[in-house]
Amino acid sequence: MKPHLAELLGEAVAALRASGELSDGLKVPIELEHTRQKAHGDFACNIAMPLAKAAGVQPRALAERIVAALPASEWVAKVEIAGPGFINFFLTRGAYQAVITQVLAQGAAYGRSDRGQGRAVQLEFVSANPTGPLHVGHGRGAAYGATLANLLEAVGFQVHREYYVNDAGRQMDILATSIWLRYLELCGETVAFPANGYRGDYIWDIAATLHRANGDALRHPAAEVFADLPPDAHAPGGDKEARIDALIARAKSLLGMTGYRQALDTGLEAILGDIRRDLEEFGVHYDEWFSERSLIDDGAVERAIGRLRAAEQLYEKGGAVWFRSSAFGDEKDRVVVRENGQHTYFASDIAYHMHKLERGYERLVDIWGADHHGYVPRVKAALGAMGHDPEQLDVLLVQFAVLYRGGKKLQMSTRSGEFVTLRELRREVGNDAARFFYVLRKCEQHMDFDLDLAKSQSNDNPVYYVQYAHARICSVFRQLQEKGLRHDPENGERQLSLLVESHEQELMATLARYPEVVEAAALNEDPHQLAHYLRELANDFHTYYNAHTFIADTAEQRDARLNLITAVRQVIASGLGLMGVSAPESM
RNA sequence: GCGCCCGUAGCUCAGUUGGAUAGAGUGUUGGCCUCCGAAGCCAAAGGUCAGAGGUUCGAAUCCUCUCGGGCGCGCCA
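All residue numbers refer to position in the chain's written sequence, counted from 1. Labels are handed out in written order, letters beginning with A for the chains and numbers beginning with 1 for the ligands. Under the rules for a predicted model, residues below a pLDDT of 70 receive no local features and side-chain atom pairs below 80 are neither given nor counted, while totals for whole chains, interfaces and linings still include all residues. Water and hydrogen atoms play no part in the side-chain values, which are based on all heavy atoms of the structure.

This part is about the domain arrangement of chain A. Bear in mind that the domain bounds are from an automatic or database domain assignment. Taken as a whole, chain A is organised into domain 1 (2-91), domain 2 (170-281) and domain 3 (461-578). Placing a centre on the C-alpha atoms of domain 1 and another on those of domain 2 gives a separation of 70 Å.

Next comes the structure, spelled out in structure tokens:
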């Protein structure tokens, strides 16, 4: 409907230009919006105001000339000029009734488009370090990313969903060492567990797996393990970083590369497998799990550094190799190769993004936790230095969900093992409620997540309101069958003109908005718009339900109304589907 | 100290990218099941859009400053 009106307006403006009433130079995009008040019609256009300003004429006078030049349309009942120069469109009933025909004909395809024209988008999200189970903070990125991916696909982009597995680097060493120390405890050694180790219960489970596979083969006396190590935190002159690094080095030397790798890989497999199952159960699917280690083995890091060097954007200082990122908008330069010869995490991240572009994606979307926001300029700087357009990368920052329990804020840390897992949350509130709840707010908004509320009063969750509308419609059709009646959609199609009640008009207008909502939610990267829309649609339906009887006495009325609610059921099912939420037939 | 995000009803949040009289949910109060599912509907009350300037036909939205909150500022990841 909106494109149709925009077309009419475009023709009117073009006609004024052709007749010389309006100069050619003025280019103002035509914007149409839904009105807030019925008195203003169905759609309003403000084009006359900016155009009049540029042309130096009265807005209302110009609006009148535009209206006079509008081509006739069977969908437009009336056009009015109001206020400072708004052009208000009042649609015919037929215009909205036609939406039902469209929804029923297109089915699940209604609301989809080819706006993206098959362009390849790479969407990376969650990418939590495989050092522990996902917690509720990761859940928000997962739900957000999965829904955005579905939305982009719905409007015609080809989406590649990817999880970047940080399976190299110091965090993995800390993990391997933590596992090994717990393993030693299982062997009967007395171990002073380091302050900087991973303390979660899952480490014990992995250590047990390691022990089952190896018996005591990896055992070394505690005295040998802890001999001559720098003091840990809390001890006089202690440093938890130095302590853990020394323990890692000790683990490597005592176990040898084979034994050490065994501890590390046992942990990696267990944790990554757990994360994959967790996300899969949450309805979050990936096309690729991309390994950081493979990137390094592939030589991509060396290649990336080589490209920066070739571009003359590297220099040495203090024994380290620096990237001149400040020349590309970062606030200062960054180290890519440390004094000890090891590349930084930033270096492999440069390589990773370079590699993404080498794979041929036109557009990269990263979803990061908002605590990484300071990292955006340097990654873009690297892309710029390598000759890419930094605009190809779009980083969406998802604010962390602040958890409350008993009215108190929860402190969470993977290292300490004190956190609420995503799995725990899913079990308590259900996947549907969790998916919907996470996406209900726009991502840059801080989110208060009250666990008590989510768990104890999960019926208050808006997802049930939407699902209930769907289940109610299904129930109407069950009732119909029990009464020995049947729905004749073809007859309903012929009787759509009977749908003249205000609630029906309201409902049809909302249905007509669905394609616009999907497109806006996808292009603005704002899945919450879809969640709010579905709530509105459900509200319109529930209101209609209370005001009128669908299983009406006459077949004409009945079939027409059943066509309408069939269309509502379709749109609710489609919308919930995009959000990864089920549309139950009863509940 | 510098940078990014945020501040809208008692609480949790929308606000169609600068439009007309700022909206939902929840909570409070009062109504609606002999009738397709009451996990629902209707109504009322609730606002200095943090504050002050500025830009213009027009500002919750854009600019500046102030106040308040979150996060970041490593040869960690």
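This part takes up the pattern of salt bridges. Whenever Lys or Arg places a side-chain nitrogen within 4 Å of a carboxyl oxygen from Asp or Glu, that contact is recorded as a salt bridge. Across all of its chains, the model carries 25 salt bridges by this definition. For Asp 265, the salt bridge identified is with Arg 293, shortest N-O distance 3.4 Å. Residue Asp 265 is located in helix H9 (residues 240-281), and its partner Arg 293 is located in helix H10 (residues 292-297); the two are separated by 28 residues in the primary sequence. The cut-offs for exposure are 20% and 50% of the maximum accessible area for each residue type, with area from a 1.4 Å probe on protein chains only; residues under the lower value are buried, those over the upper are exposed, and the others partly exposed. What makes Asp 265 partly exposed here is its relative accessible area of 24%. According to the relative accessible area criterion, Arg 293 is buried, its value standing at 19%. For Arg 426, the salt bridge is made with Asp 278, and the minimal N-O distance between the two is 2.7 Å. With Arg 426 in helix H14 (residues 422-429) and Asp 278 in helix H9, this pair connects stretches of sequence that are 148 residues apart. Relative accessible area serves as the criterion here: at 1%, Asp 278 is assigned to the buried category. It is possible to trace a salt-bridge network through shared partners that takes in Glu 124, Lys 356 and Asp 366. Starting at the N terminus, helices and strands are each numbered in turn, a helix being any DSSP run of H or I of at least four residues and a strand any DSSP run of E of at least two.

Next up on the list: the protein's contact with RNA strand B. Neighbouring RNA strand B are 64 residues, the closest being Tyr 465, Tyr 468, Arg 472, Tyr 545 and His 548. Across the atoms of RNA strand B situated within 4 Å of the protein, the share located in sugar and phosphate is 59%. Here a polar contact is taken to be a pair of N or O atoms separated by no more than 3.5 Å, where protein atoms must pair a possible hydrogen donor with a possible acceptor and residues adjacent in sequence count only if both atoms sit in side chains. Tyr 465 has a polar side-chain atom sitting 2.3 Å from a phosphate oxygen of RNA strand B. His 548 places a polar main-chain atom, nitrogen or oxygen, 2.2 Å from a base nitrogen of RNA strand B. Counting only elements with at least two residues in the surface near RNA strand B, the list comes to strand E1 (32-34), helix H2 (48-55), strand E4 (86-91), helix H6 (170-187), strand E9 (320-323), strand E15 (447-450), helix H17 (462-482) and helix H20 (528-547). The element that contributes the greatest number of residues to the surface near RNA strand B is H17, accounting for 9 residues. Whether a residue is near a molecule or strand depends on its heavy atoms: it is near if one of them lies within 4 Å of it.

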